Structures are given as C-alpha cells and as structure tokens.
Amino acid sequence: MAGILIVEDERVAAWNIQSALEKFGYTVVANIGSGDKAVGLAGTLKPDLVLMDIRLPGEIDGIEAAARIRNQFKIPVVYLTAYTDDQTIERAIATDPYGYLTKPFKRAELHTTITTALHRCQLEKQLQATQQWLTSTLNSIGDGTITTDQEGRITFMNPVAEALTGWLLTEAMGKPVNQVLELYNAQTGQAIENPVLLAMQEGIPFELPKQCQLRTKQGKERLIDDVATPIRDAFGQVQGGVIVFRDTTETQRMQAALQESEARFQRLAANLPGIIYKVLHRLDGSVECLYLSRYFQILFEMALESFQQGKDFILAAIHPDDASSLHTAIETMLQTLQPHTWEGRIQVPSGQIKWIQIINRSSRQANGDIICDGLIVDISERKRTEQALQRQMQRERLLSEVAQQIHKSFDLHEILTTVVTKVRQMLEVDRVLIFQINPDGSGVVIQESVRSVSPTLGLSFCDKCFPSDCYEFYWHGQSRVIPDTSEDEWSNCLTELMQKLGVKSKVVIPIIQHQGTATTSLKSPARKLWGLLIVHACDDYRQWESEEVDLLRQISNHLAIAIQQSELYQKLQQANEHLECLVKIDALTQVANRRRFDEYIQQQWNQLAREQKPLSLILCDIDFFKRYNDTYGHPAGDACLVQIAEAINHSVKRPADLVTRYGGEEFAVILPNTDHKGAVHVAITIQNQVRQLQLDHIGSNVADYVTVSMGIVTTVPSDNSSPQALIAATDRSLYQAKQQGRDRYCIKTL
C-alpha cells in the first residue's frame, strides 16, 4: 500500500488521522508537526502522498512546505485546514495540491480524497511517461515534425525540424506556424498557403505541393515535401495539426541531374561516333543482325547490307594479325556469357588501318539462342595518343637519365660518350657525333657512337666546307632538320661528304654555352657556339618528328651546361694544383718548403715501415752564412741560397728523392729506399756541386768560397721510432760535422 506522511501540529488530530489511514490499509511513514521537518523527511522517506496542515508553527507554514516538496521531489500534497479564507485558498491553489480537506472531515471524505489523489498521481506519471516516449520518438525520426494547437501556434518541434527551419523550439514555441514555416513555390516565387492550417480547416490531410520551398530563419532556401494532418481528440474534434516534412533539395537536384543525364545520353546515342549493335546467334550456328547503328558505314566504309551478309564477310575486314584473337573472344563471349572487351585492327576499303574496341554483353534466351548487345568504337586516335605518350615517356625517362649521368661527371670524355651512346640508342639511328668548332672556324669530330657504319671520329673539317653564314645560323640556336641530304643546298662540300659517309637524313643541333648576359653579337664572349650535336640516319630516309628534334635540343642544352661545368672544373683543378704547389714550394729557392718536408717524411716513414726498407736524411747547413750576409748584404745572401738550392737539387736523381729548404740557410734531402752508402754518395755529390760554384766568401774560416756541412742518418722505420727521432739524430750529426771543422759530413745510423 501507499506510504503517507502526516504533517499536523494538533497531535490528537494527527493520531486520529494516522489511525484512520492504517485502518484503510495505508502505511504512515511519519507523523510530524513541523514544516521544516516535513521537507527533510520527504526527501529521505520518499512517501507516495503528504497530508499537510496549512497552519504550522515554525519558520515556514504548510503551504510553503508543500511548495518545496512539490518542486524538489514531485510528491503529491493534500491540504488539511480549518481556514477557508480567499487569500489562504489562493496560496494553496498556487502549489497545485491534489486535494483539500476542510476540518472537521469524515473518515469517508479522507479515504475518498486520498484515493483520488493517488489515482491522479498515477495517471499523471503514466501521462508523463507517454509524453516522454512520444517526444523521444518524434525526436528520433529522420523527418522534421511540428505540431500546433487549434489556433495554429506551435506546440512542438523535433531537432530535425529545428535544423531545417533554423528555429529553436524555445524560439518557435507559441508562434504562428506561418511565421516559422515560410513556404513558397520554387519556380514562381509565390507564397504557398500553409498546409497545417488547411488540414485543420478541411479536417483532412494535405500533401505539400511540388516545388515547395521553405525559407529558413536565416534566409536559406530548401525544397521540402511530405504531408500535414489534423490532430483530433477522442470525440473527433480537431485540436491542432501536425506536419511531417523532409529536405528534398539534394534528392530533387539528383533527380534533375539524372533527367539531364538521361536526356544527354539520348542525344549522345543519336550522334554517337560508334556502332551500337544487337546480334542473334542461333543454336544452328547462323547469325542474324537485329540492329546496327548507321555509324557502321563511316567506321567500316561499307554499306549496312554488307554486315547482314554474315559474320564471315565482317571477319574479312579484321587485320590478319588480330583475326585469331577476335575468334577466340567471340567463342569466350558465347560460352561464358560474361561481359567482354576486345581491341584490334581493321582494314577498310580506303586502305587505312583503324583500331576498334568491341564492348559486348551476351544473354541466353529461353530457346537457347544467344543475343549479343554491344558497342564498337573507333579507338585509333586513342591508340596513336597512347603510343605517342609511351614514346614521350620513354624519351623523358631517357632524357632524365642522360641529364643525371652527364651532370654527375666532370670528365668531358665520359660526358660526351654518354650523350652519343644514349642518343643513338634512344632514336635508333646509325650515327651520333659531337663536332667541336675551333676559333678559326674549323672543327673536328671528338666523340661518336655508330651502328654498322664507318666511323668519323677524329675527322676534321676546314671552314671552307661551311657556308659563310652557317655559324651565325647556329649561333642563334637554330637547328637543321634534313630528311634528304641530297637536297641540302648549303654547300657542295657537305653534300659530297654526306654521300661519302652514306648519310641519307640528318639533324644538326647547336651546342651553345651562355655566360648569363644577353647579346646579339656573334663574337660576344657571353654566348659561345661550342660545337654541334649531329644525328645521321644512313640505312633509310627518315622524316624527323618534332618531338625528336625537341628532345635533341633539350639534350644539347644539358650537354652545353655539362661541358661548361667540365671546363670550369678543369680550370679549378689546375688552379688548385697551382695553389697546392705554391703552398708547398719555398718562394725564394723554389724547392720544397718546411711544410712539404714534414708531410713527405711522415708519408715515407709510414710506407717504408710497412716495406721494411731504409730511409736516409741529410741536413745541409751553409758554413758561416751570417758572416756572408754581413759581408755581402742580404740580396747577395738570397742569391747564394738560390744557387746552393739548385746545386743540391742537381745532386739527386731519383723521382722519390726530395730537396727542401729546412729553415734559414739549412736544407734537407729526404732519400727514400736509400742505405747509408747511397746517402754518402749523394752528400759527396752535393759537396762537389757546391764547390764548383766557387761563390766568394772572405768571411769563412774554412775556405775562400762557400762550403756546406752535412749530417747524415740512415734507419729502417718502425713503430718503435718516429720521423722526429730521425730528424733529431740527423741534427746531432750535423752539429758534429760543424764541431769537427765544417766543410764535411758526419754519418750515423739510428
């Protein structure tokens, strides 16, 4: 049974009410006399009904307590009071009570009021659930739904309707449906009478007219359709209206597009540059043409009657190389009944060879016969385009390969070899050559690639073989394309040469180097005619295609850049070599300097350590050279150093021996793979070469001419020693020679 909360400050009356309720079978969850406590217990105990005395002690009376309970917990309230003044009744009614008992009341009245209140509460809950279910259903459907009352004012809109109209339910609630649903004829622009109002007026459903257009709140226009229906109560009276509609803008656009497409197809079929056919293949092997479009006469260049003479007559038009594949295709189509496509060539009476494509679909009839429907189209142009595209792609690929290969190399011979070889293979010609033009107008073939023809490599030409204006012609970047060399009128000399070489057709492309400055002068250094790229066809005459000539021009441009890069690289190499030489040569004596000495002795040490062969070092010092400078002056001293360096340099014979200026008046001689005997021989030679100079030296304590002292050390390099140890030992040997009186050598072994 239902649980009831009693709120009554008169305790005797409260216990009497509880006693009566319990006799009626209800459960009294609590019996209190305070409004504050009533609100708290209502939230905790959750009774099904509250019996509330209007006049209660405390901060809030019964009406305020009832209002809070209704608002917070949605629990029905029945008032108990002895007061019936208008103001109290108005306050009580405002809280939406479920009943009102005036004290004193009878038990039967109490029972009736409570039963009625509980039944009303149950009905309201059922109604609320039904409304929620209906609202959820309407919100879930994919069409827009709007309902109105009898006056045509909006009472409900689902989310789809909100999206289609641009109005939110909170905005549209209570507004006239005409204001939210602005309907117009999409073609005429005239307003359409609202179907919801019509449905309510006539009492029957109204469909939206075609081309009905809805203008949204934001001004956007949509095509819609569907139906409006009146809403009736249980007695059949119209209580409002409902309209269900959907956005058909995209659908109608697609329908219009489809209609246009169908119309376009019909026009296309009438003017199709192809043959539409329907052919019957009977079980007895006979063939009958049921339909053939008139384009047959254009494609096959024969009358329609010819086709109707039978398949053998048509097969005669098929190219012999493709007849077998067509026969196989027909057999496959008849056996599998699967869609099939065949491509091949036909020979027409005019002598042309055309490419055709047959697209066929077969179906078997009830009697076993097979009907083939299909289309025959001329694909000759497509085939030519495909072949041209394939050739173009191949040429672009080969051009890219050539460009990559010639740009990654600085070797001129390798660059030229790559170009002539690739071009000959690419164009399938007999000879490709590079002709370099000299400043005097002559030229020579410096590279070529040939196939079964005589070579021309090294062949030179004088300027008399060329017309006077040919250089300017080529200098401006113009090419010569000669399908028949016998008709070339440039010069008899060239014509005779072409006949001698067996050249029937040729292409000549200039190789021009640009320096980046625009010019119109033939002698300007900003534009140089470096040479010619020449292609020969000897086996047969050849009509050169424009794509081939363009390809050669592109290769020539890449070649000119590569040649220029190669030439610059060679100059850079020479400059680097010169700089390297300057860095390692003593500026005064022109022999190797100390930097070269350090580098070379380390190299020889490492190499001879691996080979376990001897290395000798001689350190030479000019005796009393400071006195020489003081006596004769520094210019004379420099001249003396130069002559001494030359004398020492003349004393060594092998390429691996190196003479260096070690510092000041000291010189060093590195003798790889030389034992102590060989080193002594070189030292004696140096002494003799210096004495023969007879350079006056009055300041010397040894002789009246310039002499040298030398230290010699020989060793076999190893990991246990170093070049520095060799140099130190040689320096000590030199010091010993000076201590012993100069103009001599001392030798040690490390």
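The shown structure was predicted, so the numbers you read here are calculated from the model rather than taken from an experiment. (Residues numbered from 1 in each chain as written. Predicted model: local features only at pLDDT ≥ 70, side-chain atom pairs only at ≥ 80, totals over all residues. Heavy atoms only, no water.)

Participant: Give a detailed account of the side chain of Ser-505, specifying residues and quantitative values.
Facilitator: Here Ser-505 shows up in strand β22 (residues 505-514). Judged by its relative accessible area of 0%, Ser-505 is buried. Reaching out from Ser-505, the side chain makes a polar contact with the backbone oxygen of Pro-483 at a distance of 2.3 Å. A polar contact is formed between the side chain of Ser-505 and the backbone nitrogen of Arg-542, at a distance of 2.9 Å. (Helix = DSSP H or I, 4+ residues; strand = E, 2+ residues; numbered from the N terminus. Buried < 20%, exposed > 50% of the residue type's maximum accessible area, 1.4 Å probe, protein only. Polar contact = N/O pair within 3.5 Å; in protein donor to acceptor, adjacent residues only side chain to side chain.)

Participant: I'd like a rundown of helix α24 (residues 723-739), residues and numbers included.
Facilitator: Taking 1.5 Å per residue as the helical rise, α24 with its 17 residues ought to reach 24 Å, and the 24 Å between its terminal C-alpha atoms agrees with that figure. Residues Pro-723, Leu-726, Ile-727, Ala-729, Thr-730, Ser-733, Leu-734 and Ala-737 constitute the buried set of α24. Buried residues of α24, viewed axially, fall in a sector of 165 degrees; they line one side. Turned more than 90 degrees away from the buried face of α24, the exposed residues are Gln-724, Arg-732, Tyr-735 and Gln-739. Residues of α24 that are buried sit in contact with α20 (594-611), β24 (615-622), β25 (658-663), β26 (666-672), β27 (708-715) and β28 (745-749). Just past α24, the residue Gly-741 takes up positive phi, approximately 120 degrees. (Expected span 1.5 Å × (residues − 1). Arc of directions from axis to C-beta. Contact = heavy atoms within 4.5 Å.)

Participant: Help me get a handle on the sheet that holds β25, residues and values and all.
Facilitator: Strands sit in the order β25-β26-β24-β27-β28 across an open sheet of five strands; the sheet is mixed. In this open sheet, the two strands that pair with only one neighbour each are β25 and β28. For this sheet, the mean inter-axis angle between neighbouring strands, taken without regard to orientation, is 20 degrees. Direction of pairing for β24 relative to β27: antiparallel, over a ladder of eight bridges. Across the sheet, the residue bridging to Leu-615 is Thr-715, located in β27. (Pairing = 2+ DSSP bridges. Axes fitted to C-alpha atoms, helices over the stretch in contact; angles between N-to-C directions.)

Participant: Explain the nonpolar core residue by residue, including any values.
Facilitator: Counting residues in each nonpolar core, the largest one holds 29 residues, and the members touching the most others are Val-423, Ile-434, Ile-511, Leu-533, Leu-552, Ile-555 and Leu-559. Counting residues per element, the ones that place at least two in this core are α15 (380-407), α16 (412-427), β18 (431-437), β22, β23 (527-537) and α19 (546-584). By residue number, the principal contributor to this core is α19, which donates eight residues. Once you skip the residues sitting within four places of it in the chain, Val-423 turns out to touch Glu-428, Val-432, Val-535, Leu-552 and Ile-555. Ranked by size, the runner-up nonpolar core spans 28 residues in total, among them Ala-647, Val-652, Val-669 and Leu-695. (Core = buried A, V, L, I, M, F, W, Y, C linked by side-chain atoms within 4.5 Å.)

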